[in-house]
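Results of the structural survey
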Amino acid sequence: MRAMILAAGRGERMRPLTDRTPKPLLTIAGKPMIQYHIEALAAAGMREIVINLAWLGQQIRTSLGDGSQFGVRLHYSDEGDAALETGGGVFEALPLLAGPSGTDPFVVVSGDVWTEYPIGDVAKKLSTADVAHFVVVPNPDFHARGDFGLADGRLTDSGERYTYANIGVLRPEFFSGCQRGKFPLAPLMFAWIRKNRVSGELYRGVWHNVGTPQQLQQIDRERSA
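Residues numbered from 1 in each chain as written. Predicted model: local features only at pLDDT ≥ 70, side-chain atom pairs only at ≥ 80, totals over all residues. Heavy atoms only, no water.

Examining helix H5 (residues 186-194)
- Where H5 is concerned, the buried positions are Leu188, Met189, Trp192 and Ile193. Buried residues of H5 fall within an arc of 135° about the axis and therefore sit on the same side.
- Next to the buried residues of H5 lie strand E8 (132-137), strand E10 (154-156), strand E11 (163-170) and strand E12 (198-202).
- Directly after H5, the chain includes Asn196, whose backbone phi takes a positive value near 60°. (Buried < 20%, exposed > 50% of the residue type's maximum accessible area, 1.4 Å probe, protein only. Helix = DSSP H or I, 4+ residues; strand = E, 2+ residues; numbered from the N terminus. Arc of directions from axis to C-beta. Contact = heavy atoms within 4.5 Å.)

Observations concerning the packing of aromatic side chains
- All told, the structure shown has eight aromatic pairs when counted by the stated rule.
- Measuring from centroid to centroid gives 5.3 Å for Phe134 and Tyr164, while their planes differ by 80°, and the two rings are edge-to-face. With Phe134 in strand E8 and Tyr164 in strand E11, this pair connects stretches of sequence that are 30 residues apart. Across this residue pair, the class does not change: Phe134 and Tyr164 are buried.
- Considering the side-chain rings of Phe148 and Phe190, the 4.9 Å spacing of their centres and the 55° angle between planes classify their relative orientation as tilted. (Phe/Tyr/Trp six-rings, centres within 6.5 Å; stacked < 30°, edge-to-face > 60°.)

Examining the nonpolar core
- Residues Ile38, Ile51, Leu64 and Val107 are the most contacted members of the largest nonpolar core, which totals 33 residues.
- In terms of residues, this core owes the most to one element, helix H1 (residues 33-43), which gives four residues.
- With near-sequence residues (within four places) excluded, Val107 lies in contact with Met1, Arg2, Ala3, Met4, Leu41, Met46, Ile119, Val122, Ala123, Gly168 and Val169.
- Membership of the second largest hydrophobic core comes to 29 residues, among which are Leu6, Phe91, Val108 and Tyr164. (Core = buried A, V, L, I, M, F, W, Y, C linked by side-chain atoms within 4.5 Å.)

Brief notes about the pairing of E8
- The buried count for E8 comes to six of six residues, which makes it a mostly enclosed element.
- Burial of the side chains of E8 extends over both faces: Ala132, Phe134 and Val136 are buried on one face and His133, Val135 and Val137 on the other.
- Of the strand pairs in this sheet, E8 and E11 are connected by five bridges, and their pairing is antiparallel. The residue of E11 that forms the bridge with Ala132 is Leu170.
- The pairing of E8 with E12 spans five bridges and is parallel. When the sheet's bridge partners are listed, His133 is paired in E12 with Ser199. (Pairing = 2+ DSSP bridges.)

Here's what the structure looks like:
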């Protein structure tokens, strides 16, 4: 199975750090955040990883190279000057993700997530009847309303809400009917959830959507201790 790390965003809340450095290359304990994901995916046996690029993307390409230093092959999906958002970015990269058959499922994770969730394990969670499996977490303070409900291993559009952890596994079918361009992932998620084609799981371990310099510094201090 192949994997994609979303790395094209501007990182507005992380400014001024992201004025000169793309957010996924900001470091925790001396290592770029995106490198932790690459190493976790490699440990799970994934050898083909796609990274999308926009803001300061050449820095990411220069820093990570072809992936041989991590024991993987890195492929880059360059979105130009303006990122295509989550949905548009993944859709643009489908030719690199869906395998020779065009139907292979693939893992997606955001490059600015800091977590101890075993990212590679999500690849095993997708049933043959579903188009996607997503990880959710208890709502952080900055997103108290949450995103999705969860009942009996299925994501729902009702009940107690949890926050999407920006970790999942999808089939190319998830993007049926989509066209190239800029669009978010959430409307597609809700559409398939209402068709009962999306499973989910609640993860209660370490997870942070690293959004501010203060948060980055705190995690860096904890990890470096």
